[in-house]
Amino acid sequence: GKWVYSFGDGKAEGQSSMRNLLGGKGANLAEMSNLGLPVPPGFTITTEVCTYYYDHGQQYPAELKAEVQAALDAVGALTGRGFGDPKNPLLVSVRSGARASMPGMMDTVLNLGLNDATVEALAQGAGDPRFAYDSYRRFITMYSNVVLGVEHHAFEEALEHYKEGKGVSLDTELGAEDWKQLVTKYKAIVKAEHGSDFPQAPEDQLWGAIGAVFDSWMIPRAKKYRELNNIPESWGTAVNVQAMVFGNMGDTSATGVAFTRNPSTGERALYGEFLINAQGEDVVAGIRTPQDITEKARIEAKSDRPSMELAMPDSYAELVRIYGLLETHYRDMQDMEFTIESGKLWMLQTRNGKRTAKAALRIAVDLAAEGLITEEEAIGRVEPAALDQLLHPTIDPKAERKVIASGLPASPGAATGEIVFNSEDAEAARKAERKCILVRVETSPEDIHGMHASEGILTTRGGMTSHAAVVARGMGKPCVSGVGSIRVDYKAGTLTVASTTLKAGDKITIDGSTGQVLLGEVAMLEPSLSGEFATLMGWADKVRTMKVRTNADTPTDARAARNFGAEGIGLCRTEHMFFEGDRIIAVREMILADDVEGRRSALAKILPYQRQDFVELFTIMSGLPVTIRLLDPPLHEFLPHTDEEVRDVAQSMGVSEEKLRRRMTELHEFNPMLGFRGCRLAIAFPEIAEMQARAIFEAAVQAAKETGAPVTSEVMVPLVFTKMEFDIVKARIDAMAKAVSAETGGTLDYQVGTMIELPRAALRAGDIAETAEFFSFGTNDLTQTALGISRDDAATFLGAYTQKGILSADPFISIDQEGVGELVRIGVERGRAVRPDIKLGICGEHGGDPASIGFCQEVGLDYVSCSPYRVPIARLAAAQAAL
Ligand code: ADP
Ligand code: MG
Ligand code: MG
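In this numbering scheme, every chain counts its residues from 1 along its sequence in written order. Whichever chain is written first becomes A and whichever ligand is written first becomes 1, with later ones labelled in order. Only residues with pLDDT of 70 or above have their local features reported here, since the model is predicted, and side-chain atom pairs are shown and tallied only from 80 upward, although totals for entire chains, interfaces and linings are computed over all residues.

Going by the annotation in an unreviewed UniProt entry, the name recorded for the protein chain is Pyruvate, phosphate dikinase, with Methylobacterium goesingense given as the source organism. UniProt, in the comment section headed Cofactor (unreviewed entry), describes the protein chain in these words: "Mg(2+)". UniProt positions are given in the numbering used here, feature names are shortened, and annotations may be inferred rather than shown by experiment. For the protein chain, the Function (unreviewed entry) comment in UniProt is given as "Catalyzes the reversible phosphorylation of pyruvate and phosphate."

Written out as structure tokens, the structure reads:
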């Protein structure tokens, strides 16, 4: 085989498409050489050598030595130097480079080839002994650290000690003689720490460094990174060996990094930093403050240190020429590394630059407008999940952060408000137009109204799929969950973290994107949905084939979702309105009544509320389909808790508290998730479904009359596992539709369908589709019932499952395609076989997860439905899935 690929002097054996073989860095060095850019000559030892090395007990292929020697000779010929030549030495860098950029791999070694003899030649050649000995001590430090495993601080201590002795504080105050003496000390340190002399033979140095790169592929840090990022071990890393150019040769030399566009805003302008008379990592190491590249950036930063544009105008012009060329060539924003040696600019690296979501959006749209990429390519350039960052207020990056605690980034965005410790206080604050943050140990369905009333939610317990986290994401409110270091004392009305105690009414800020809890008010930036965002969304809408609806229970949610481009409601959970205001008392009456009469009289009180809710939803969705699910949760969730609540309900029903408590005991359930809920409620108490159907149809007639827009309602029966259940409930709904039509003289455009959320329903989808006009896959419950895992209790062990690789992701966040996905597939196939035009959608949390949306496209769903703030994410993900 061929193990080594050369580059330099306007040509290369490799090219950018050979990334798998040459690694990212090597492939792009080759590509830049082919483009005729100034790249110091060198060669890449392929990733196949790495694989070979590990397959053969850490031995190299037999031909490698000769191939490396030949490539070194070629570099020598191009530079006019010889590797190990004591008179005219070639010095090289040894750089690792995997396919995917991989922190944790071996650090770069610069100035390799220096020894006691070549350092003198370097000094003479440059006419600058200080530069030569500075390079030598850098080399000894780096090599000893990354190859021999000698800790940095041993050298740093010696340097500090030396400077103290001389009475100076800056490295720049040291001269050639000082570095020379330090080199002697450094060599002694290596001998003491490592047990043998610092290698003097350049050949030994080179193979030591090459071996260290390959060995670093298997160190725990690198393994861990691969594990976390799904990078296969079999990929291996390449090694790049490249002639040195020196940025530390005085004031006409420099080193720097630059982006072709601003990586945080996406603005089209060269952006970066450089350092005069410096080498390699000095820029990122933060030893000296780097200078701006452009004058514009310098002026904006109010820096008095000259920009590269002013200080080195020729090199600057060359950099501008090259960056334009690279961007046009790669058709993407580039992140470049360069070095200037005595006024000549050399390119050392280029790659597609990392960027914020905001920048990604702007760059994609700009590149398409500039004609560098197509609109379809632009759609693929933005990660859907990253849009989340853009839809919420964020903390101004310039603001000072007084972080007092950290938890999980459970729902993105930032919010400021005064602390409240319960939902009643949250509502009171909202009525008084004061912004608040709801702080709870954990939340439950009863806190929904308090969560609605607050700007954000903080819990001290619970994970990313806790009640607080799921509901907050649904509402688009920031949430930080599981802040274990905070103690909440409800009685005293305080929270304590370390030595800080805050009371109700004190201001805090939470950052749901980072999980930080901050003291006081912090400046925010508002999201903007116009400009590039709107443009890219428009392009996405043109190509996607699946519709995107929203899960919305309230007018606020519905309006937000319409704003984000929702094309209807895929799931309205009627019960979420039950906690609003005084309704809960009527709801409790209905639940606790022990006969039909009692239930009917309570239901009569609820009817007008429900009808009004639906009128509003139909009006907001004007003409778009609205799916309303009949009452689903176990009645037990609505039971009164406190003595006061029990008293209120008893009074309102005209029964004794004792009798009421007896009824409460009857309704208690051990496993409510698998209990008296879903269509089982409608089967046992048909009057509930009838009231809801009446509310829906009367609202439909009313909204159509008021707005003049047609209303398409879809009545959805939850938790069905057999056709007969569905048919019984459907008969009641159809009868109610007839009745309402007759009473009002209005015509109704409605469908009756079901959720497929139990494995048995997916299997019997063929029967069910005989009468059901649509299916909505309720993948939250389907996941719970298929895996036998309760979502609310999964946090304790799910982490261990994903860590051990038993599950590749949290199945409540990204659909388990193999298992739950197969049930969906079966449901789709069997349903369509019986009713070819059946409408198919998904309404679990998965409807807003990009990977799951890809799956929905694959199985052929007609739409996905997700929480309002995920609608844009779903639109983009659906477009990418369709391409
Ligand atoms: P990383 O992957 O950590 O960025 P690199 O291999 O890119 O590591 O090396 C880091 C820095 O070292 C480069 O940005 C460059 O400044 C310097 N460097 C690498 N090779 C050379 C070289 N041949 N001549 C001069 N500087 C070099
Ligand atoms: Mg680099
Ligand atoms: Mg369900």
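What follows deals with the UniProt feature "domain: Pyruvate phosphate dikinase AMP/ATP-binding" (unreviewed entry) in the protein chain. Taken from the UniProt record, the annotation "domain: Pyruvate phosphate dikinase AMP/ATP-binding" (unreviewed entry) applies to residues 20-57 and 59-363. Strands here are runs of E lasting at least two residues and helices are runs of H or I lasting at least four, both read from the DSSP assignment and numbered beginning at the N terminus. Within residues 20-57, the helical portion is 63% and the strand portion 11%, while the C-alpha atoms at the span's ends are 23 Å from each other.

Domain boundaries assigned for the protein chain yield domain 1 (4-243), domain 2 (254-355), domain 3 (392-525) and domain 4 (544-577 + 609-627 + 687-882). Reported domain spans reflect what an automatic or database domain assignment gives. Centre-to-centre separation of domain 2 and domain 3, based on C-alpha positions: 41 Å.

Further remarks concern the environment of Ala-360. Among the secondary structure elements, Ala-360 is positioned in helix H14 (residues 357-369). Judged by local crowding, Ala-360 falls into the buried class, with 23 C-beta atoms found within 10 Å. Residues Ala-360 and Ser-814 lie 454 residues apart in sequence; the distance between their C-alpha atoms is 24 Å. Here a residue counts as buried when 20 or more other C-beta atoms sit within 10 Å of its C-beta, as exposed when there are 12 or fewer, and as partly exposed otherwise, the C-beta atoms being derived from the backbone.

In this entry, near means the residue's backbone-placed C-beta atom lies within 6 Å of the molecule or strand. Residues in close proximity to ligand 1 total 16 residues, the closest being Ser-93, Arg-95, Thr-108, Gly-280 and Glu-337. Listed by contribution, the elements that provide at least two residues to the shell around ligand 1 are strand E4 (92-98), strand E6 (237-243), strand E10 (334-341) and strand E11 (344-352). Along the lines of polarity and charge, the residues of the shell around ligand 1 split into six nonpolar, seven polar and three charged. Three or more residues apiece are contributed to the shell around ligand 1 by two domains, here domain 1 (4-243) and domain 2 (254-355). Residues are grouped as follows: Ala, Val, Leu, Ile, Met, Phe, Trp, Tyr, Cys and Pro are nonpolar; Asp, Glu, Lys and Arg are charged; every other residue, Gly included, is polar.

With that settled, the discussion passes to the confidence of the model for the protein chain. pLDDT gives the predictor's per-residue confidence on a scale running from 0 to 100. The pLDDT averaged across the protein chain works out to 93; a share of 99% of its residues lies at or above 70. Scored by ipTM, the complex comes to 0.97, with pTM at 0.84.

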